[in-house]
Amino acid sequence: MSQQVTSELKKLSAIANDLELSGELRTDATKSIGSIGTHEALLALLELAANESLNINERDLALKQAREILKKSRS
């Protein structure tokens, strides 16, 4: 994976985990991580889903995005 994608993934993960930011911004970051679609993105999404500080809807979204990455990898 390129350095640029790795850097972008780290930034998006930080945004998605930052409880000081609005829920909408965190949700958008989570969706963006899902659109990256790499193994590293999958791991980042699973970390989000495991973050008990996030609300249940954000954690569920992270799982849904992770599931989509898995579906695409089977095709």
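Residues take numbers from 1 onward in each chain, read along the sequence in its written order. Reporting in this predicted model follows two pLDDT cut-offs: at least 70 for local features of residues, and 80 or more for side-chain atom pairs to be given and counted; totals over whole chains, interfaces and linings ignore these cut-offs and use all residues. The side-chain values count all of the structure's non-hydrogen atoms but skip hydrogen atoms and water molecules.

### A look at the pattern of salt bridges
Pairing of side chains with opposite charge becomes possible as their charged atoms draw close.
Right, so step 1: Each reported salt bridge corresponds to a side-chain nitrogen of Lys or Arg within 4 Å of a carboxyl oxygen of Asp or Glu. What the rule picks out here adds up to three salt bridges.
Right, so step 2: As a salt-bridge pair, Lys64 and Asp60 come within 3.4 Å of each other at their nearest N and O atoms. In this pair, Lys64 and Asp60 are both assigned in helix α4 (residues 56-74), four residues apart and thus about one turn of the helix distant.
Right, so step 3: For Lys71, the salt bridge is made with Glu68, and the minimal N-O distance between the two is 3.5 Å. Here Lys71 and its partner Glu68 are both found in helix α4, three residues apart, which amounts to about one turn of the helix.
Right, so step 4: For every residue, the accessible area obtained with a 1.4 Å probe (protein chains only) is divided by the maximum for its type, and the residue is called buried under 20%, exposed over 50%, and partly exposed between those limits. According to the relative accessible area criterion, Glu68 is partly exposed, its value standing at 36%. Elements are defined by DSSP. Helices are runs of H or I of four residues or more, strands are runs of E of two residues or more, and each kind is numbered from the N terminus.

### Remarks on the packing of helix α1 (residues 3-17) against helix α3 (residues 39-50)
Right, so step 1: Where α1 meets α3, the axes come as close as 11 Å, and the angle between the chain directions of the two elements is 15°. Of the possible angle classes, the one that applies to α1 and α3 is roughly parallel. Here the hand of the crossing between α1 and α3 comes out right-handed. Contacts between α1 and α3 involve Leu9, Ser13, Ala16 and Asn17 from the former and Glu40, Ala41, Ala44 and Leu48 from the latter.
Right, so step 2: Residue polarity is assigned by list, with Asp, Glu, Lys and Arg as charged and Ala, Val, Leu, Ile, Met, Phe, Trp, Tyr, Cys and Pro as nonpolar; anything else, Gly included, falls into the polar class. Here the residues of the contact of α1 with α3 sort into five nonpolar, two polar and one charged. Each axis is a line fitted through C-alpha atoms, and for a helix only the stretch in contact is used; angles between axes span 0 to 180 degrees, taken between their N-to-C directions. Should an angle lie under 35 degrees it is considered roughly parallel, over 145 roughly antiparallel, and from 65 to 115 roughly perpendicular; all remaining angles are considered oblique. By convention the crossing between two helices is left-handed if the near helix lies anticlockwise of the far one by an angle smaller than a right angle, and right-handed if it lies clockwise. Any two residues whose heavy atoms approach within 4.5 Å at even a single point are treated as in contact.

### Some thoughts on the nonpolar core
Right, so step 1: Among the nonpolar cores identified, the biggest contains 15 residues, and Ile33, Leu45 and Leu48 are the most heavily contacted of them.
Right, so step 2: Contributing elements (two or more residues each) for this core: α1, α2 (23-36), α3 and α4.
Right, so step 3: For this core, the element with the highest residue contribution is α3, accounting for six residues.
Right, so step 4: Other than its neighbours up to four places away in sequence, Ile33 contacts Leu9, Leu12, Ser13, Ala16, Ala41, Ala44, Leu45 and Leu48. Within this scheme, the nonpolar core is defined by two criteria: the residues are buried Ala, Val, Leu, Ile, Met, Phe, Trp, Tyr or Cys, and they are joined through side-chain atoms within 4.5 Å.

### Describing α2
Right, so step 1: Taking 1.5 Å per residue, 14 residues should reach 20 Å; α2 reaches 20 Å between its end C-alpha atoms and fits that length.
Right, so step 2: Along α2, the positions that sit buried rather than exposed are Arg26, Ala29, Thr30, Ile33 and Gly34. For α2, the buried positions fall inside an angular range of 145° around the axis, keeping them on one side. Exposed residues lying more than 90 degrees from the buried face of α2 are Glu24 and Ser35.
Right, so step 3: Those residues of α2 that are buried lie in contact with α1, α3 and α4.
Right, so step 4: Gly37 lies just past α2 and shows a positive phi near 75°. Under the convention used throughout, the expected extent of a helix is 1.5 Å for every residue step, that is, one less than its residue count. Arc, as used here, means the arc of the directions from the helix axis to the C-beta atoms.

Note that every value here comes from positions in space, so none of it alone points to a role or purpose.
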